[in-house]
Amino acid sequence: MSPNLWRFNKKKPKPFRVPYDQIHSHDAFARKLVSYCNAVEKRDLVILCVGTDRSTGDSLGPLIGSKLEAMSLNHFHVYGTLAYPAHAMNLAERVSEIAANHLNPFVIAIDACLGQESNVGSLTIQDGPLHPGAAVHKNLPKVGDIHITGIVNVGGSMEFYVLQNTRLHVVMSMAESIAQSIHLADQQLHHVSTQRPAIQAMIQYKPTDIKQ
């Protein structure tokens, strides 16, 4: 369906958006995530963090994945970390791993994105799949039942250069905020999954994790 024809020409709902540096953001963001997760039953909750540590702006996803992996979550399975990233070269492979490990998973895709200057620093959560690589014009598979994004810098031109020159402090702060929000949501959930969260370190390391 064309994006311009969403549900019989109705306007697509705006994403839920909060600034990463407001003290109440974690609780509001966590409540929104919990509302999505509570709407599905007996499906594994999978978080797929997309990005690469070879670009400062694009490192948001794997930074979040590594932070979540260290938190020992009770309800979420995490894919895409600094050690085992999910990026342009292996995204299809990561999606296949998730399909092999989980029956009908509910996938929460996370990625950095570029946006308007007034929205830089915002965290968003929204229905529908993520379009990874759209900012740098890469044709990658859509992923996720819902998606979370962090607007790390201004888009519009020279996107690859902008991502490469995004401040690490901003990305680190946003990653911490999203990870803490997910951790808080994990504590609030009473979700029944088909299996306990897997330790991603058990997944065999592949050469595609370092080729870009």
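First things first, this report covers the structure right here in the doc. All residue numbers refer to position in the chain's written sequence, counted from 1. The predicted origin of the model limits local features to residues at a pLDDT of at least 70 and limits the giving and counting of side-chain atom pairs to 80 or more, whereas totals for whole chains, interfaces and linings rest on all residues. With hydrogens and water stripped out, all remaining heavy atoms of the structure feed into the side-chain values.

## Some remarks on the overall build of the chain
Part 1 of the argument: Assigned secondary structure in the chain consists of 5 helices and 6 strands.
Part 2 of the argument: Expressed as a percentage of the 212 residues in the chain, the buried residues total 47%.
Part 3 of the argument: We call two residues in contact whenever any of their non-hydrogen atoms come within 4.5 Å of each other. Once local pairs closer than 6 in sequence are excluded, the contacts in the chain between residues at least 24 apart make up 76%.
Part 4 of the argument: Note on areas: Shrake-Rupley, 1.4 Å probe, and residue coverage restricted to the protein chains presented here. Here the chain has roughly 11,100 Å² of accessible surface; of this, 55% comes from carbon and sulfur atoms. A helix here means a DSSP run of H or I that spans at least four residues, while a strand means a run of E at least two residues long, and both kinds are numbered starting from the N terminus. The buried label goes to any residue with under 20% of its type's maximum accessible area, the exposed label to any with over 50%, and the partly exposed label to all in between, with areas taken from a 1.4 Å probe on protein chains only.

## Here we look at the nonpolar core
Part 1 of the argument: In these notes, a set of buried Ala, Val, Leu, Ile, Met, Phe, Trp, Tyr and Cys residues joined through side-chain atoms within 4.5 Å is what counts as a nonpolar core. In this structure, L33, L60, F76, I108 and I182 are the most contacted members of the largest nonpolar core, which totals 40 residues.
Part 2 of the argument: Considering every element that reaches this core, the biggest residue donor is helix α5 (residues 168-188), with 8 residues.

## Overview of the side chain of H75
Part 1 of the argument: Mapped onto the elements of the fold, H75 is located in the loop between α2 (60-70) and β3 (76-79).
Part 2 of the argument: When its relative accessible area of 13% is taken as the criterion, H75 is described as buried.
Part 3 of the argument: A polar contact of 3.1 Å, which involves the side chain of H75, links it to the backbone oxygen of L189. N or O atoms within 3.5 Å of each other form a polar contact, as long as, within protein, one can give a hydrogen and the other can take it, and as long as residues adjacent in sequence are counted only when both atoms are side-chain atoms.

## What to know about the sheet that holds strand β6 (residues 146-154)
Part 1 of the argument: For two strands to count as paired, DSSP must find a minimum of two bridges between them. Sheet architecture is open: 6 strands sit in the order β1-β5-β6-β4-β2-β3, paired in mixed fashion. Every interior strand has two partners, whereas the edge strands, β1 (16-19) and β3, have only one. Neighbour-to-neighbour, the strand axes of the sheet open up by a mean angle of 20°, direction not taken into account.
Part 2 of the argument: Strands in contact with helix α1 (residues 25-38) are β1, β2 (45-49), β3, β4 (106-115), β5 (122-127) and β6; relative to β5, the strand with the most contacts, it is inclined by about 10°.
Part 3 of the argument: Every axis in this analysis is a line fitted to C-alpha atoms, fitted for helices over the stretch in contact. Angles between the N-to-C directions lie between 0 and 180 degrees. Of the strands in this sheet, β2, β3, β4, β5 and β6 are in contact with α5, which crosses β6 at around 160°.

## A closer look at the packing of aromatic side chains
Part 1 of the argument: Planes of paired rings set the category: under 30 degrees apart is stacked, over 60 is edge-to-face and the rest tilted, where pairs are Phe, Tyr or Trp rings (Trp by its six-membered ring) whose centres lie within 6.5 Å. Tallied over the entire structure, the rule returns 1 aromatic pair.
Part 2 of the argument: Between F16 and F29, the aromatic rings sit 6.3 Å apart at their centres with planes inclined by 45°, giving tilted as the arrangement. Pair noted here: F16 is in strand β1 and F29 is in helix α1, with a separation of 13 residues, a long-range link.

## A look at the pairing of β4
Part 1 of the argument: Of all 10 residues in β4, 9 are buried; the element is thus mostly enclosed.
Part 2 of the argument: Pairing geometry for β2 and β4, over 5 bridges, is parallel. Bridging from a neighbouring strand, I47 pairs with I108 of β4.
Part 3 of the argument: Direction of pairing for β4 relative to β6: parallel, over a ladder of 8 bridges. The residue bridging C113 from the neighbouring strand is I151, located in β6.

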